[in-house]
Amino acid sequence: MHRNPILRLGLLAAALVLSACSGPQRQQAVPVVQRATAVTQAAAAAYDYDFNVFHSVVASHGMVVAEQALASQVGLDVLKRGGNAVDAAVAMGFALGVTLPYSGNTGGGGFMMVHDAATGQDVALDFREVAPQAATRDMYLDAQGNVIDGMSLHTHAAVGVPGTVAGLTHALQRWGSLPLAQLMQPAIAQAENGYPVSETLATVIEREKDNLGQWPASRAIFFRDDGTPLQRGDTLVQKDLATSLRLIAQGGASAFYRGPIADKIAAEMARHGGLISKQDLADYRVVEREPIRGTYRGYEVVTMPPPSSGGIHIVQLLNMMAHWPLQEWGHNSARSVHHMAEAMKLVYADRAEYLGDTDFVQVPVRGLLSRDYAAELVQKISDDRTLPAAQVKPGHPQAHEGSNTTHYSVMDKDGNMVAVTYTLNTHFGSGIVAEGTGIVLNNEMDDFSAKPGVPNVYGLIGGEANAIEARKRPLSSMSPTLVLKDGQPWLITGSPGGARIITTVLQILSNTMDYGMDPAEATASLRFHQQWTPDEIRVEQGFSVDTIALLRQRGQSVVVKPAMGRTQTIQVRDGQLLGFSDPRNPDGAALGY
Ligand code: GLY
């Protein structure tokens with residue numbers, strides 16, 4: 001990545017008009033309405049400012065959006081110091097591991113989409129966890145062949161070999177410009193000195209107290225001295241984590257995979273019947289993959305390939321949606337929701353059958369992405385009647401695929417785009433902190449099919465393609481996504497949410513591409529989801545009762561459930577950067593300059 005001016009003259013113009021606003025543009029803490037001058041109001045009118053209920057943060061040079069404001073601040077500082085989008089993403093990745101400890105991580109894994117403005121190249125970086133060498137297909141089954149409750153979630157055997165440290169350091173070597181130690185400094189300081197526990201974090205700790213409370217090393221961090229979980233306003237200090245981060249800052253990834261941290265993780269596993277050995281850690285490799293690409297109404301969508309199912313199914317869904325005049329049917333109208341939900345049902349059936357780690361199994365990627373296949377699937381969808389899930393079988397694509405994950409997006413002044421989704425799987429992952437490291441370990445092994453046909457924690461059914469094998473990567477739904485328009489950066493987005501990631505990201509794409517919404521409106525809109533099993537459309541609270549009634553008339557089962565996804569989105573619009581952090585997590589912030 002070179003200093004290559006790409007954001008066109010519009011950006012420069014916007015920089016001039018917005019120069020009246022000093023300091024970072026921050027969502028929530030500084031309402032847009034309050035900081036807008038006459039000049040910025042004129043610029044903002046280009047994105048329907050006066051029509052919108054929710055407002056994006058507007059900036060000229062760079063933007064970061066994450067679901068934890070301290071980490072956003074870390075990223076913004078890097079950009080302002082002249083670091084590029086990957087520098088900021090690396091600093092934020094380590095900072096979120098400290099400040100968002102239930103999903104940001106050092107002991108998990110994930111995916112990064114990078115658009116390099118200098119070369120125009122897009123790369124999908126896979127730092128997903130892998131199954132340890134000793135993992136076997138039936139490792140979570142009892143003697144009768146039944147899945148042992150909780151074993152793939154809250155035991156040492158649930159932990160996959162972590163990829164985050166390898167992924168972030170790889171990205172920095174490949175595209176970054178600043179030293180690792182400098183970028184990790186804020187995370188180390190936040191771990192060492194602590195920060196106040198928010199209402200959100202306190203709620204998650206309370207909810208996960210039984211899992212965390214089983215392990216002395218986890219209790220020592222997330223519980224008070226009196227044995228009760230940390231409360232809002234308490235200071236969360238993570239001294240061991242600060243030491244581990246310092247070792248990584250000095251020694252790079254090898255401190256984690258071959259050095260003192262590897263020794264401690266392997267010892268923790270050996271003490272408690274876990275499978276990860278020192279050799280597993282030493283063998284961990286990041287993979288650079290070719291992204292999945294699709295086009296939709298003139299936009300180019302660039303997204304994550306397997307071992308994520310997300311990219312393939314997002315493009316598959318968009319290929320089907322291209323058959324329908326959604327704008328005419330109306331946003332979140334019964335007709336639009338019915339058609340999109342029927343399409344979701346069909347692709348989740350394909351997911352269960354075909355998707356797995358392409359390094360181990362043949363996934364009919366081209367078949368699933370083909371427009372002919374989408375046209376075939378569209379024929380199955382009736383305008384006025386739902387197709388019951390029991391009658392839905394995986395299709396026949398031509399032969400040759402907690403919720404707790406977090407996403408963040410970064411764009412720099414040169415037009416480099418980075419979208420990162422990384423995860424521990426469920427909140428606090430396995431709940432296990434490897435003693436002496438302060439590092440919370442994932443439970444990503446649950447993303448494999450413990451037994452074909454038996455649903456995982458997200459209710460997702462997997463098949464043979466996602467069966468457990470040594471060194472294989474479990475199937476994911478994480479979908480960090482970039483969109484280009486006329487070859488130029490247009491949108492960066494992604495979300496946590498387990499099985500619901502795919503449909504959440506899809507709705508951000510549809511809201512922006514079909515309905516012209518800016519990130520704030522696209523994010524604040526109510527969401528819906530259908531995943532084949534269970535056979536129901538899940539909607540967020542506030543969905544119109546009239547729409548629900550019309551959906552039920554079509555035979556749809558509709559249930560109101562908790563909010564879905566926490567998207568972090570940046571859009572380039574009229575030469576400006578618009579960012580919005582999903583209010584479904586009030587701790588987040590979009591910050592720009
Ligand atoms: N652990 C959730 C996912 O990767 O989809």
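Just above sits the structure.
In this numbering scheme, every chain counts its residues from 1 along its sequence in written order. Where totals are concerned, whole chains, interfaces and linings use all residues; where local detail is concerned, this predicted model gives features only for residues with pLDDT of at least 70, and gives and counts side-chain atom pairs only at 80 or more. As a convention, hydrogens and water are excluded, and side-chain values are obtained from all of the structure's heavy atoms.

S.K.: Please set out the overall build of the protein residue by residue, giving values where relevant.
M.R.: Each helix is a run of H or I in the DSSP string that is no shorter than four residues. Each strand is a run of E no shorter than two, and both are numbered from the N terminus. Assigned secondary structure in the protein consists of 22 helices and 22 strands. Taken over C-alpha atoms, the radius of gyration is set against a globule rule of 2.2 Å times the number of residues to the power 0.38. Relative to a compact globule of 593 residues, whose C-alpha radius of gyration would be 25 Å, the protein shows 23 Å and is just as compact. By residue count, 65% of the 593 residues in the protein fall in the buried class. When the accessible area of the protein is evaluated, it comes to approximately 20,100 Å², of which 52% is carbon and sulfur surface. Mean positive and mean negative side-chain charge positions of the protein (47 and 58 charges, respectively) differ by 1 Å. For every residue, the accessible area (1.4 Å probe, protein chains only) is compared with the maximum for its type, and the residue is labelled buried under 20%, exposed over 50%, or partly exposed between those bounds. Accessible areas in this description were obtained via Shrake-Rupley with a 1.4 Å probe; residue shielding takes into account the shown protein chains only. Positive charges come from Lys and Arg alone, negative charges from Asp and Glu alone, with His and the N- and C-terminal ends not counted. Note on charges: their place is set at NZ of Lys, CZ of Arg, CG of Asp or CD of Glu.

S.K.: I'd like a rundown of the nonpolar core, residues and numbers included.
M.R.: Only buried Ala, Val, Leu, Ile, Met, Phe, Trp, Tyr and Cys residues count toward a nonpolar core, and they belong to the same one when joined by side-chain atoms within 4.5 Å. Among the nonpolar cores identified, the biggest contains 86 residues, and Phe94, Met112, Phe222, Phe256, Tyr408 and Val410 are the most heavily contacted of them. The leading source of residues in this core is helix H5 (residues 85-99), at eleven residues. In contact with Met112, other than residues within four places in its own chain, are Ala89, Val123, Ala124, Leu125, Phe127, Leu168, Ala171, Val418, Ala419 and Val420. Counting 84 residues, the second largest nonpolar core, distinct from the first, contains Ile381, Ile502, Met513 and Phe528. Residue contacts are counted whenever heavy atoms from the two residues lie within 4.5 Å of one another.

S.K.: Can you explain the site of the ligand? Please cite residues and give values.
M.R.: Around the ligand, the neighbouring residues are Arg128, Asn425, Glu444, Asp447, Ser476, Ser477 and Met478. Note that a nitrogen atom of the ligand is positioned 2.7 Å from one of the side-chain N or O atoms of Asp447. Here the ligand has 200 Å² of accessible area as a free molecule, and 98% of this is covered by the chains. Classifying every residue of the shell around the ligand gives one nonpolar, three polar and three charged. Any residue with a heavy atom lying within 4 Å of a molecule or strand is counted as near it. Pairing of N or O atoms within 3.5 Å defines a polar contact, subject to two protein rules: one partner must be a possible hydrogen donor and the other a possible acceptor, and residues neighboring in sequence count only if both atoms are side-chain atoms. Charged means Asp, Glu, Lys or Arg here, nonpolar means Ala, Val, Leu, Ile, Met, Phe, Trp, Tyr, Cys or Pro, and polar covers whatever is left, Gly included.

S.K.: Break down the sheet that holds strand S19 (residues 558-560) for me, with residues and values.
M.R.: The three strands are arranged S17-S18-S19 in an open sheet whose pairing can be described as mixed. The sheet is open, and its two borders are formed by strand S17 (528-529) and S19, each paired with just one other strand. Strands pair, by our definition, only if DSSP identifies at least two bridges between them. With three bridges connecting them, strand S18 (residues 537-539) and S19 associate as parallel partners. Within S19, the position partnered with Arg538 by the bridge is Val559.

S.K.: Residue-level account of the pattern of salt bridges, with values.
M.R.: A side-chain nitrogen of Lys or Arg and a carboxyl oxygen of Asp or Glu constitute a salt bridge if their distance falls within 4 Å. This structure, assessed with the given rule, holds 31 salt bridges. Measuring nitrogen to oxygen at the nearest pair gives 3.0 Å for the salt bridge that ties Asp359 to Arg289. Pair noted here: Asp359 is in the loop between helix H17 (334-354) and helix H18 (365-369) and Arg289 is in strand S8 (residues 287-289), with a separation of 70 residues, a long-range link. Here Asp359 falls in the partly exposed class, since its relative accessible area comes to 49%. On the basis of relative accessibility, which here comes to 12%, the residue Arg289 falls in the buried class. With its nearest N and O atoms 2.9 Å apart, the salt bridge here joins Arg527 to Asp582. Of this pair, Arg527 sits in the loop between helix H21 (519-524) and S17 while Asp582 sits in the loop between strand S21 (576-581) and strand S22 (589-592); the two residues are 55 residues apart in sequence, bridging distant segments of the chain. For the pair shown, Arg527 and Asp582 are each scored as buried. Each member of the salt-bridge network shares a partner with another, and the members are Asp122, Glu290, Arg293 and Glu300.

S.K.: I'd like a rundown of the packing of aromatic side chains, residues and numbers included.
M.R.: Aromatic pairing here means that ring centres of Phe, Tyr or Trp (its six-membered ring) are within 6.5 Å. Orientation follows from the plane angle: under 30 degrees is stacked, over 60 is edge-to-face, and everything else is tilted. This model, assessed by the stated rule, comprises eight aromatic pairs. Plain terms: the ring middles of Trp324 and Trp329 are 6.3 Å apart, the flat faces sit at 25° to each other, and that makes the pair stacked. Across the pair, Trp329 and Trp324 agree in class, each one buried. Taken together, the aromatic side chains of Tyr102, Phe222 and Phe428 make up a single cluster linked through ring pairs.

S.K.: Please set out the environment of Asn211 residue by residue, giving values where relevant.
M.R.: Mapped onto the secondary structure, Asn211 falls in helix H9 (residues 209-213). We classify Asn211 as buried; its relative accessible area is 17%. As for Asn211 and Glu288, which are separated by 77 residues in sequence, their C-alpha atoms are 34 Å apart. When residues no more than four places from it in sequence are discounted, the contact partners of Asn211 are His154 and Gly431.

S.K.: Lay out the environment of Gly104 in plain terms, naming residues and giving numbers.
M.R.: Considering the arrangement of structural elements, one finds Gly104 in the loop between H5 and strand S4 (109-116). What makes Gly104 buried here is its relative accessible area of 2%. Distance in space between the C-alpha atoms of Gly104 and Gly82 is 25 Å, their sequence separation being 22 residues. Setting aside its immediate chain neighbours within four residues, Gly104 contacts Leu96, Gly97, Thr406, Tyr422 and Leu424.

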